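# Observations on chain architecture
Single-letter residue listing:
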Amino acid sequence: MHRRDFLQGMAATAAGLEILARGVGASAQTRPSVARTHGRQVTATISLDGYTRLTEINAEANSWTVYEDLRTREGSLVFVSSSGDMRVLTKSAEASMPEGSPYLGLALRDIGLSSPDLLADRLLLDGDPDPEKVNSAAPPMASAEKNPRTWTTFVGTREAYDVTPVYRSGNTRTYHPIQYSPELHEALKREQLYDGLVGGWMPAVRKVIPVSDHAYWEVIVFGDVDANKNRYIVHTWHRTALIEDNKIAKVVYGHSYPAYPPGREDPQPEEFYRALLAFAEYWDEQLHDFASASLPQSAWIDMSKHSFAKELMTRPGGVYPKYGAVDRDYAGSEYDGFQDIFTSAIYTNMEWGRLETAQIFIDNYFTEYVDSKGMVDMRGPETAQFGMTLSLLARYFDYSGDSALILKHRAKIEATAKLLTDMHDESLRLSQENPAWGLIRGWSESDSCLSENPSLYWQPYYANSAFAARGFKDIARAWTELARINALPSMEKLALGWLKRSQTIQARTIESIEKNIQSDQAPPYIGLFPGTTLTFRESLEKEKPSPQQWPHRPYAELLQADVLPSRLATQVIDCMRAYGATTLGVVANVWRFQEDGREILGFISYGYAQALLRLDRIEEFLLFLYSHRYHAHTRGSWTAGEVTGITGDSGTYCVPAQQTIPLLVRWMLVLEDSDEDRVYLAKGVPREWMVSGKEIRIERAPTRWGRVSFNLAAKPNSRSIVGQVELSGARAPREVHFKLRLPLQSVIQSVTVNGQPAILEGVHNDTVIITTRNEKKFEVVGQLS
């Protein structure tokens, strides 16, 4: 296992949920703490008054005293070393079962059968949606699951080739706490239990099972990061404790299996806590390159970091792609080459600055899963994903400047582009009277290939052409630069051809959409491909099989490609909301409409959210964000489902769904304009956060202009809001749009940038337009009336 020096390698979340503190000479009761994130130090004070001393351990040439705050259910575990270092591991717990009445007073039957998204309409009545109302709008994922054999999350390590599932009671398949604590039987019969994590974002599972108002069982499970002898077996550490009247009344420690004396004895407390300290160090190292960020509600950063931990545990050796874990669906090898695994993985890792990881994933995928013709080793290629792949490879080059990797796979990348050019050329051989003329035909959804008649789904989906246009445009820019720095004129020639083709495909896509809008509908209806007269709902109900099956994917991809003018993109979103393609504001998993509920699409739907943000439909973007967190993930353990319902049923875990939240949080803070020389900062921040007095910050977020950092906070005493922006690339974008999204009752009286009066634009006159003139540092001050 590769680790940095212990004192230097413990990166910490800026919110203080994972703190490395140095306090040499301070008392054991109060020590100054130092959170280290990319060289930046944040000092705080942590008092140990009221904490319970648990034990003392030896680790990393130090002795450490272990404390725990038993006064509250979410009390932290704290390690204090003999040299004055302190590590705080916070605990979280979210209710896993319903609390209150769901559906906001609406009937489930009406919600299920309605084309418009009734729940979303109600949640958006008052501007920014209330997260608590979104939380209670439907039962939590998996809350209706009664089978004790259904797992809700898992633990593991990066090195392992498998994971260990964790069940509702805290069981694994090899260790059952109930064997040591039979009292858990009765506790588990209670209506409510709570799930959470230890260490803020780290994959240490926590189960809280209430016994009474003053007592509860707590089960902690995490993967053994030092047990790497067998890469297919994940060893686990366990602590099962009864907390009663702020004291540990009973505690049992375990390691992987029940005892088999004398050959296998239950571990001592010191062994458990030494393993927990090593676990925290290990996971810090795995995410050492995560762009440091801070939000008024730290759970969003924790969820983002946790998604990367889950991805590393899911991928064998932390490298090879897997769609899911534990069960054959979706951990089977037949899914490994799935394009969505690749595109969501490199997108998410790149956006949070994890470029080394993105490099490993790109190299692995193009070496192992892409052939010389650009074809992927997966049953059903998805046509739009080829264009998205080209766009993301260009983004990787923009962010990293890594010519070597791109040139290594140049032939396969160019073959991927040729696949699309050949398909486009085929469309140009059609009669111009054919609705599909000039549009790329091919499968949209991978499952198309499993149909009895796969050709039914070989259609000219607008998303196919939209993402081809985007991919050609972006990769042309990268190839032009590569040609320049490597003196390769053949690459420049290709780039010119791709750019011209991009313009041709984009123009034809827009022309076809405009020609085929069903303006007699209210709102006007935009179909998935030209020539259709039925809406997707009508087609699903009348045509069996329906050529418009899986409409959610082509809509989301069409929007994400960002090649439509704003008015058309707005119409597509309005169409989706009105005709049944969203649930709770998230893209719906569209099937035949039924009275017993409707479903959320946990994966691939992030393109819709990005479009909402680009179009300044921030309330809808926030609803998507909140709904995805509360209804596409298990509560507390944050395991995302590919598709989830709104009646408390389980969803099948898949990595692309897990990576949605980190993408949205990054874009909320830093979003690049797809084509203009412009970057947007704080565009999607909730209004209440802006006046919380707490810092909103991200450091060194990668963009095509270099790294971008900003911080923003209200100063109540001076009735002002102050932001700092720093651009660290060789070239600055021409414009920075810095949004000061205050509550509507707050009015910005004046704003300055570096002391000079600045321009405010936007629907609510809340966006500061910074013309950089290639300057790199800016202070923005808004005075409130």
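Small disclaimer: the values here were computed from a predicted structure and weren't measured.

## Some words on the overall build of the protein
Along the protein, the regular secondary structure elements total 23 helices and 31 strands. Computed over the C-alpha atoms, the radius of gyration of the protein is 26 Å, within 12% of the 28 Å expected from 2.2 N^0.38 for a compact globule of 785 residues. Once the C-alpha set of the protein is aligned to its principal axes, its extents read approximately 80 × 65 × 55 Å. Of all 785 residues assigned to the protein, the portion counted as buried reaches 62%. Counted over contacts in the protein with a minimum sequence separation of 6, partners at least 24 positions apart contribute 66%. Looking at the protein, you have 84 positive and 97 negative side-chain charges, and the mean spots of the two groups are 3 Å apart.

## Things to note about the side chain of Gln192
Relative to the assigned elements, Gln192 resides in the loop between α5 (184-187) and β11 (194-197). Look at Gln192 and you get buried, because its relative accessible area is 14%. Within the structure, Gln192 has its side chain in polar contact with the backbone nitrogen of Ser96 (distance 3.4 Å). Engagement of the side chain of Gln192 in a polar contact is seen with the backbone nitrogen of Met97, the distance being 2.9 Å. In contact with Gln192, other than residues within four places in its own chain, are Ala95, Ser96, Met97, Pro98, Glu99 and Pro210.

## Quick word on the pattern of salt bridges
Across all of its chains, the model carries 57 salt bridges by this definition. Across the salt bridge formed by Glu68 and Lys91, the nearest N and O atoms sit 2.3 Å from each other. Taken together, the residues Glu68 in strand β5 (residues 62-68) and Lys91 in the loop between β7 (85-89) and β8 (94-95) connect sequence positions 23 residues apart. The two residues Glu68 and Lys91 agree in class, both being buried. The residue Lys418 makes a salt bridge to Asp422 at a minimum N-O spacing of 2.9 Å. Note that Lys418 and Asp422 are positioned in helix α13 (residues 410-428) at a spacing of four residues, about one turn of the helix.

## Some points on helix α20 (residues 618-631)
Here α20 contains 14 residues, and its C-alpha end-to-end distance of 19 Å stays within 8% of the 20 Å for a straight helix at 1.5 Å per residue. In terms of burial, α20 is largely enclosed, as 13 of its 14 residues are buried.

## Structural notes on the sheet that holds strand β16 (residues 293-294)
Spatially, the seven strands line up as an open sheet ordered β16-β23-β24-β25-β31-β27-β28, and their pairing is antiparallel. Taken across any chain shown, the strands that pair with only one partner, and hence form the sheet edges, are β16 and β28 (756-757).

## Side note on the packing of helix α19 (residues 606-614) against α20
Where α19 contacts α20, the axes come no closer than 8 Å and their chain directions differ by 150°. It follows from the interaxial angle that α19 and α20 lie roughly antiparallel. Taken as a pair, α19 and α20 cross one another with a handedness that is left-handed. Mapping the contact onto sequence places Tyr606, Tyr608, Ala609, Leu612 and Leu613 in α19 and Ile618, Glu620, Phe621 and Phe624 in α20. The residue inventory of the contact of α19 with α20, partitioned by class, reads eight nonpolar, no polar and one charged.

## Re the pairing of strand β22 (residues 678-681)
Of the two faces of β22, both are covered, the one formed by Arg678 and Tyr680 as well as the one formed by Val679 and Leu681. Here three bridges tie strand β21 (residues 670-672) to β22, and the two strands are oriented antiparallel to one another. Looking at β22, one finds that Leu671 is bridged to Tyr680. Between β21 and the antiparallel strand that follows it, β22, lie five residues. By the bridge criterion, four bridges tie β22 to strand β26 (residues 735-739) in an arrangement that is parallel. Pairing of Tyr680 across the sheet is with His737, part of β26.

## Re the sheet that holds β22
If you trace the five strands from one edge of the open sheet to the other, you get β21-β22-β26-β30-β29, paired in mixed fashion. Since the sheet does not close on itself, it has two edges, and those belong to β21 and β29 (759-761), each with one partner. The average undirected angle you get between the axes of adjacent strands in this sheet is 25°.

## Things to note about the side chain of Thr65
Take Thr65: it is sitting in strand β5. In this view, Thr65 contacts Arg53, Thr55, Glu56, Val78, Phe79 and Val80; residues no more than four positions away in its chain are not counted.

## Considering the packing of helix α14 (residues 462-486) against helix α15 (residues 489-516)
With their axes 8 Å apart at the nearest point, α14 and α15 run at an angle of 155° to one another. Viewed along their axes, α14 and α15 adopt a mutual orientation that is roughly antiparallel. As α14 runs across α15, the sense of the crossing is left-handed. In the contact of α14 with α15, the residues fall into 17 nonpolar, seven polar and three charged.

## A look at unusual backbone geometry
Residues apart from glycine generally show negative phi values, whereas peptide bonds are mostly found in trans. The linkage connecting Pro261 with the following residue, Pro262, adopts the cis geometry, with an omega of 0°. Along the chain, Pro262 falls in the loop between β15 (247-255) and α6 (269-286). Unusually for a residue other than glycine, Ile604 sits at a positive phi of about 55°. One can find Ile604 in the loop between β19 (599-601) and α19. The backbone phi angle of Arg773 is positive, close to 50°, even though this residue is not glycine. Structurally, Arg773 can be placed in the loop between β30 (767-771) and β31 (777-784). The exposed category is assigned to Arg773, whose relative accessible area is 68%.

## Topic: the confidence of the model for the protein
Mean pLDDT over the protein: 93, with 94% of residues reaching 70 or higher. Here residues 1-44 scores under 50 on pLDDT; set against residues more than four positions off or in separate chains, the count is 132 contacts.

## Focus: the environment of Asn434
Its place among the elements puts Asn434 in the loop between α13 and α14. Classification of Asn434 by relative accessible area gives partly exposed; the value is 30%.

## Structural notes on the pairing of strand β10 (residues 164-167)
By the alternation rule, side chains of β10 split into Thr164 and Val166 and Pro165 and Tyr167, which are all buried. Looking at chain direction, strand β9 (residues 151-155) and β10 are connected through four bridges and run antiparallel. Following the sheet pairing, Phe154 is matched in β10 by Pro165.

## Some words on a nonpolar patch on the surface
Side chains of Tyr161, Tyr232 and Ile233 sit close together on the surface and give an oily, nonpolar patch of about 290 Å² of accessible area. For Tyr161, the position within the fold is in the loop between β9 and β10.

## Quick notes on the packing of aromatic side chains
A complete count under the given rule lists 34 aromatic pairs for this structure. Residues Tyr457 and Trp550 carry aromatic rings whose centres are separated by 5.0 Å and whose planes lie at 55° to one another, so their mutual orientation is tilted. Of this pair, Tyr457 sits in the loop between α13 and α14 while Trp550 sits in the loop between α16 (536-542) and α17 (552-560), and the two are 93 residues apart along the sequence. Through successive ring pairs, a cluster of aromatic residues spans Phe222, Tyr253, Phe272, Tyr273 and Phe279. The positively charged end of Arg592 is found above the aromatic ring belonging to Trp591, 4.5 Å away from the centroid.

## Brief notes about α13
For α13, which comprises 19 residues, the first-to-last C-alpha distance of 27 Å matches the rise-based estimate of 27 Å (1.5 Å per residue) to within 8%. Those residues of α13 that are buried lie in contact with α10 (355-368), α11 (383-400), α12 (403-408), α14 and α15.

## Quick notes on the nonpolar core
Formed by 212 residues in total, the largest nonpolar core has its most connected members in Trp283, Trp479, Phe710 and Phe738. In terms of residue count, α14 provides more of this core than any other element does, 13 residues in total. Setting aside residues up to four positions removed in sequence, Trp479 forms contacts with Ile406, Arg410, Ile413, Glu414, Met491, Leu494, Ala495 and Trp498. Judged by nonpolar contacts, the second largest core, of eleven residues, contains Val166, Leu184, Ala187 and Val221.

Rules used in this analysis
- Residues numbered from 1 in each chain as written.
- Predicted model: local features only at pLDDT ≥ 70, side-chain atom pairs only at ≥ 80, totals over all residues.
- Heavy atoms only, no water.
- Helix = DSSP H or I, 4+ residues; strand = E, 2+ residues; numbered from the N terminus.
- Rg over C-alpha atoms; globule rule 2.2 N^0.38 Å.
- Buried < 20%, exposed > 50% of the residue type's maximum accessible area, 1.4 Å probe, protein only.
- Contact = heavy atoms within 4.5 Å.
- Lys, Arg positive; Asp, Glu negative; His and termini not counted.
- Charge placed at Lys NZ, Arg CZ, Asp CG, Glu CD.
- Polar contact = N/O pair within 3.5 Å; in protein donor to acceptor, adjacent residues only side chain to side chain.
- Salt bridge = Lys/Arg side-chain N within 4 Å of Asp/Glu carboxyl O.
- Expected span 1.5 Å × (residues − 1).
- Pairing = 2+ DSSP bridges.
- Axes fitted to C-alpha atoms, helices over the stretch in contact; angles between N-to-C directions.
- Parallel < 35°, antiparallel > 145°, perpendicular 65-115°, else oblique.
- Left-handed = near helix turned anticlockwise from the far one by under 90°.
- Nonpolar A, V, L, I, M, F, W, Y, C, P; charged D, E, K, R; others polar.
- pLDDT = per-residue confidence, 0-100.
- Patch = residues over 30% accessible without salt bridge, like charges linked within 9 Å, V, L, I, M, F, W, Y side chains within 5 Å.
- Areas by Shrake-Rupley, 256 points an atom, 1.4 Å probe, with all protein chains shown as cover.
- Phe/Tyr/Trp six-rings, centres within 6.5 Å; stacked < 30°, edge-to-face > 60°.
- Lys NZ or Arg CZ within 6 Å of the ring centre and 35° of its normal.
- Core = buried A, V, L, I, M, F, W, Y, C linked by side-chain atoms within 4.5 Å.

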